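Given next are the chains, with one letter for each unit.
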Amino acid sequence: MARIKPQALLQQSKRKKGPSRISATTIIFYALFLVLIGFFLFATYRHWSNRSRIQSGNNLSVSEGENIFVDSKKSDLPGYAVLNTSKGSIIIELYKESAPEVVDEFIELCQKGHFKGMLFHRVIKHYVIQAGDNQGAGAAEDWNLRGKQHSSMKHEAFMLGTSKGKHINKGFDLFITTAPIPDLNEKLIVFGQVIKGEDVVQEIEEVDTDEHYKPKISIGILDVTLRQKI
């Protein structure tokens, strides 16, 4: 029987040892691969979780969204009107909430230039000044002739209003009070208030008039400017 050389035995013993070690590069590669898989799974979970939460929130707040849309439309309307008269400017805050239909009609007429050149055709001292298309006997003269009636509703001076009812035939009159009028709601739709230019209103109020309260000199509205803010 042939004898095995020592070198051959040494080589055989080396081959019988365990497998070779995994390199550091391989370990790092697999570690990064696992991290990427974990990140992808986490991102996917966050995406679908947020999506479902947004959808449920939208379903719960449909009516609130509609209200916000309506309110934004209201807020888009001009809140102020500047009456540029031959005596000076009168700044009026419009009552968009309490008289929306009249304010809409007033704004539409302003945009069409309806009030440009309109005269104050009736002035009653310590009562009202009136401008508009109707040149006949109007509410202002009727109030003054019949006297003030007692009422629980009382409006202060410098309120802006127009005649009640449709204005197709009689036009759109503007009334600015110069004193408190207790029965104002029975006569007019109040849709604004003078916030600056009270002295201009009082100056118009002091002009000389004839027996029908018509000013002896022409005083009119040069134009009307609409503004969102003052």
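Up top is the structure these notes are about.
Residues numbered from 1 in each chain as written. Predicted model: local features only at pLDDT ≥ 70, side-chain atom pairs only at ≥ 80, totals over all residues. Heavy atoms only, no water.

A.B. asks: Whenever I open this one, the overall build of the protein chain confuses me. Can you help?
C.D. replies: A count of helices and strands for the protein chain gives seven helices and eight strands. Across the 230 residues that make up the protein chain, the buried fraction comes to 33%. In the protein chain, once contacts between residues fewer than 6 apart in sequence are set aside, the share between residues at least 24 apart is 67%. Within the structure as shown, the protein chain displays about 15500 Å² of accessible surface, and the carbon and sulfur contribution to it stands at 57%. (Helix = DSSP H or I, 4+ residues; strand = E, 2+ residues; numbered from the N terminus. Buried < 20%, exposed > 50% of the residue type's maximum accessible area, 1.4 Å probe, protein only. Contact = heavy atoms within 4.5 Å. Areas by Shrake-Rupley, 256 points an atom, 1.4 Å probe, with all protein chains shown as cover.)

A.B. asks: Any chance you could explain the sheet that holds strand β7 (residues 188-196) here in plain terms?
C.D. replies: Across a sheet, strands are paired by hydrogen bonds formed along the backbone, either parallel or antiparallel in direction. One open sheet holds the eight strands; their spatial order is β3-β4-β6-β5-β7-β2-β1-β8, and the pairing between them is antiparallel. Strands at the two margins of the open sheet, each flanked by one partner only, are β3 (120-124) and β8 (221-227). Direction aside, neighbouring strands of the sheet carry axes that sit 25 degrees apart on average. Relative to strand β2 (residues 88-94), strand β1 (residues 80-85) runs antiparallel, the two being bridged by six bridges. (Pairing = 2+ DSSP bridges. Axes fitted to C-alpha atoms, helices over the stretch in contact; angles between N-to-C directions.)

A.B. asks: I tried to follow the packing of aromatic side chains on my own but got confused; where do I start?
C.D. replies: Here the distance between the centres and the angle between the planes together describe a pair of aromatic rings. Per the stated rule, a full pass over the model turns up five aromatic pairs. Where F106 meets F115, the ring centres are 5.3 Å apart and the plane angle is 40 degrees; that geometry is what we call tilted. A single burial state applies to F106 and to F115, both of which are buried. Ring plane angle 80 degrees and centroid distance 5.8 Å describe the contact between F115 and F172, whose orientation is recorded as edge-to-face. Within this pair, whereas F115 is found in the loop between α4 (100-111) and β3, its partner F172 is found in the loop between β5 (159-163) and β6 (174-177), the two being separated by 57 residues in sequence. F172 carries the same exposure label as F115, and that label is buried. An aromatic cluster of at least three residues, connected via ring pairs, comprises F106, F115, F172 and F191. (Phe/Tyr/Trp six-rings, centres within 6.5 Å; stacked < 30°, edge-to-face > 60°.)

A.B. asks: Can you help me understand the side chain of Q130 in this one?
C.D. replies: Mapping Q130 onto the fold places it in strand β4 (residues 128-131). The exposure class of Q130 is buried, given its relative accessible area of 0%. A distance of 3.2 Å separates polar atoms of two side chains, one belonging to Q130 and the other to D173. (Polar contact = N/O pair within 3.5 Å; in protein donor to acceptor, adjacent residues only side chain to side chain.)

A.B. asks: Help me understand a nonpolar patch on the surface, please; the structure alone is not making it clear to me.
C.D. replies: Judged by side-chain polarity, F33, L34, I37, F40 and L41 come together as a nonpolar surface patch covering roughly 540 Å² of accessible area. Mapped onto the secondary structure, L41 falls in helix α2 (residues 24-60). (Patch = residues over 30% accessible without salt bridge, like charges linked within 9 Å, V, L, I, M, F, W, Y side chains within 5 Å. Salt bridge = Lys/Arg side-chain N within 4 Å of Asp/Glu carboxyl O.)

A.B. asks: Is there a simple way to explain α4 in this structure?
C.D. replies: An α-helical turn contains 3.6 residues, so a residue and the one three or four places further along point in the same direction. Its twelve residues give α4 an end-to-end C-alpha distance of 16 Å, which sits within 8% of 16 Å, the value for a rise of 1.5 Å per residue. Taken as a whole, α4 has its buried residues at V102, V103, F106, I107, L109 and C110. Projected down its long axis, α4 carries its buried residues within an arc of 165 degrees, all on one side. Structural note: α4 exposes E101 and Q111 on the side pointing more than 90 degrees away from its buried face. On its buried side, α4 packs onto β1, β2, β5, β6, β7 and β8. Once α4 finishes, G113 follows within two positions and takes phi at roughly 75 degrees, a positive value. (Expected span 1.5 Å × (residues − 1). Arc of directions from axis to C-beta.)

A.B. asks: Got a minute to help me understand the pairing of β1 in this structure?
C.D. replies: Looking along a regular strand, one sees the side chains alternate between the two faces of the sheet. Extensive coverage of β1 is indicated by the burial of five of its six residues. Pairing of β1 with β8 involves six bridges; the strand directions are antiparallel. Bridged to Y80 within β8 is R227.

A.B. asks: Please explain helix α7 (residues 198-205) as it appears in this structure.
C.D. replies: Within the span of α7, buried status applies to V200, V201, I204 and E205. The buried residues of α7 occupy an angular sector of 145 degrees when projected down its axis, which confines them to one face. Packed against the buried residues of α7 are β1, β2, β3, β4, β6 and β7.

Nothing here speaks to function; it is geometry throughout.
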